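Listed here are the chains, written in short residue letters.
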Amino acid sequence: MFLLYNLLLTICAPFWVPWMLLKSRRRDERPNWQERMGIFDIPRRGEKHRIWVHTVSVGEFVAATPILRELRKTVPNHEIVVSVTTSSGHKTAREAEPGLFDYLVYFPIDVPLFQLRAMNHVWPDVLAIMETELWFNFVWAAKSMRARTMLINGRISDRSFPRSKRLRPFYKALLREVDLCLMQTDVDLERIKALGASDGKVLGNSKFDQAIQGLEADPAEWREKLGLDLAKPTLVIGSTRGDEEERFVLDALAEVGFERLNVIHAPRHLERVAGLTDLVVERTGAVALRSRGESGPYMILDTYGELSDVYSAADLVIVGGGFSNLGGQNIFQPLAHGKPVLHGVHMQNFRDVAAMADASGAAQPCSTPEELAAAIKGLLDDPGKREKMGRQAKKLVQENVGASARYAKAIAEEAPKAK
């Protein structure tokens, strides 16, 4: 299977290489192509043991943050190398709190030469891969260097599982190179075993731990910073993805009445700011941009790193990604802030948390703009219901924290003791 994978990789290179280059040019920041070819400008491993933690983009690095924090406490004398695939993930990692890792690199393209070159340079004792970012040559190269390999915070979405089952021989061969699969839920563990994993455990979801970070934000301070009208309730819309979802939410708000609310709208990708601006101006006549220091009844949050704090100023929250069939987006942060959450019905990538939040009364799914409008109206007209949902949200998060410490302990157990 290893030879077949690399044969197909070579045959398809005329297609995936131009696609990858084109995709990188569309980003504000280009990746480091030297590192993508496995040439790392970091010291070769010395006497200290090393742990390599691989993430993909912003979401995976954010989920890895509390694990890295706990790992530092658990094995303070080990070096930690973090790899990311995307430039947005690299930027997020660079700007993260200091001390989480020793070295940050771009993930090498998954061809044997690049992976062996990178692995020979890093020479990790443990390779810990976040969620489901499994690449055949990556784990093969790690095993060739006698590293322990493990999947952490593992998950297999409803959408990807049927496709993966059709490729079970490939996954079975790949998972033979993975020593331990540590998964978020029982369903994820069942699925990874169905694909061929031999050893696994359920340790929970680290994103609950990340959600409780940054809760020191002062709601009154943020309302003042944002210039909000204190006579109106504030709706924060987080992580809508694309024109279809933006129109879905705006249709609902038009039915509610824009004049009833302060609205702060954070699209998932900043590339959507121009399009979203046009849609909002079309509906309301004006829009304010946070990046310009503007304030107004409808503000677009077109900045990095502020959304979690801005949630503190909300009376209710809408989270996108699930109004179109896109798998959903992170609802942990508004829940941790104790905010009632409204979301779409397509939450496959966050199915367990969404189901838990819905069942506890902390969140509510909405399948149409009319349903979303009715839910918003219901919460605006019933402050008691908003408060009850907020209490349930905080309770849910507090009952599920602690997974990151378990993952850190499991990684430490696979790593040699420091000298």
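Residues numbered from 1 in each chain as written. Predicted model: local features only at pLDDT ≥ 70, side-chain atom pairs only at ≥ 80, totals over all residues. Heavy atoms only, no water.

(A) View of the packing of helix 4 (residues 58–74) against helix 20 (residues 403–414). The N-to-C vectors of helix 4 and helix 20 enclose an angle of 50 degrees; their axes lie 8 Å apart at closest approach. Of the possible angle classes, the one that applies to helix 4 and helix 20 is oblique. Relative to helix 20, helix 4 is oriented so that their crossing is right-handed. Facing helix 4, whose interface residues are Pro 66, Ile 67, Glu 70, Leu 71 and Thr 74, helix 20 presents Ser 404, Ala 405, Tyr 407, Ala 408, Ile 411 and Ala 412. Classifying every residue of the contact of helix 4 with helix 20 gives 8 nonpolar, 2 polar and 1 charged. (Axes fitted to C-alpha atoms, helices over the stretch in contact; angles between N-to-C directions. Helix = DSSP H or I, 4+ residues; strand = E, 2+ residues; numbered from the N terminus. Parallel < 35°, antiparallel > 145°, perpendicular 65-115°, else oblique. Left-handed = near helix turned anticlockwise from the far one by under 90°. Contact = heavy atoms within 4.5 Å. Nonpolar A, V, L, I, M, F, W, Y, C, P; charged D, E, K, R; others polar.)

(B) Representation of the pattern of salt bridges. Following the criterion strictly, the structure yields 20 salt bridges and no others. Across the pair Asp 179 and Lys 143 runs a salt bridge, and its minimum N-O distance is 2.8 Å. Of the two residues, Asp 179 sits in the loop between helix 9 (168–175) and strand 6 (180–183) while Lys 143 sits in helix 7 (residues 136–144), which places them 36 residues apart along the sequence. By relative accessible area, which is 19% here, Asp 179 ends up buried. Classification of Lys 143 by relative accessible area gives partly exposed; the value is 25%. When the shortest N-O distance is used, the salt bridge between Asp 251 and Arg 283 registers 2.7 Å. Of this pair, Asp 251 sits in helix 13 (residues 243–256) while Arg 283 sits in helix 14 (residues 273–284), placing them 32 residues apart in sequence. According to the relative accessible area criterion, Arg 283 is partly exposed, its value standing at 28%. (Salt bridge = Lys/Arg side-chain N within 4 Å of Asp/Glu carboxyl O. Buried < 20%, exposed > 50% of the residue type's maximum accessible area, 1.4 Å probe, protein only.)

(C) Looking closely at the sheet that holds strand 11 (residues 298–300). Spatial strand order, 10-11-9-8-12-13-14: 7 strands in an open sheet with parallel pairing. Both edges of this open sheet fall to strand 10 (288–289) and strand 14 (363–365), since each of them pairs with a single strand only. Against the sheet, helix 14 engages strand 9 (262–267), strand 10 and strand 11, with an angle of about 175 degrees to strand 11. (Pairing = 2+ DSSP bridges.)

(D) Just the side chain of Ser 88, in detail. Looking at where Ser 88 falls in the secondary structure, it is placed in helix 5 (residues 87–94). In terms of polar contacts, Ser 88 uses its side chain to reach the side chain of Ser 57, at 3.3 Å. Leave out the neighbours within four places in its chain, and Ser 88 touches Arg 27, Ser 57 and Val 58. (Polar contact = N/O pair within 3.5 Å; in protein donor to acceptor, adjacent residues only side chain to side chain.)

(E) Broad picture of the sheet that holds strand 1 (residues 50–54). Strands sit in the order 3-2-1-4-5-6-7 across an open sheet of 7 strands; the sheet is parallel. Each having just a single partner strand, strand 3 (103–106) and strand 7 (200–202) make up the two edges of the open sheet. Within the sheet, the average angular offset between the axes of one strand and its neighbour, ignoring direction, is 20 degrees. Relative to strand 3, strand 2 (residues 79–84) is paired through 4 bridges, and the arrangement is parallel. Opposite Ser 83, over in strand 3, you have Val 105 as the bridge partner. Strand contacts of helix 6 (residues 112–122): strand 1 and strand 2, with the helix running at about 140 degrees to strand 1, the strand carrying the most contacts. With respect to the sheet, helix 20 is in contact with strand 1, strand 4 (126–130), strand 5 (148–154) and strand 6, its orientation differing from that of strand 5 by roughly 175 degrees.

The values reported here are purely geometric and, on their own, carry no functional implication.
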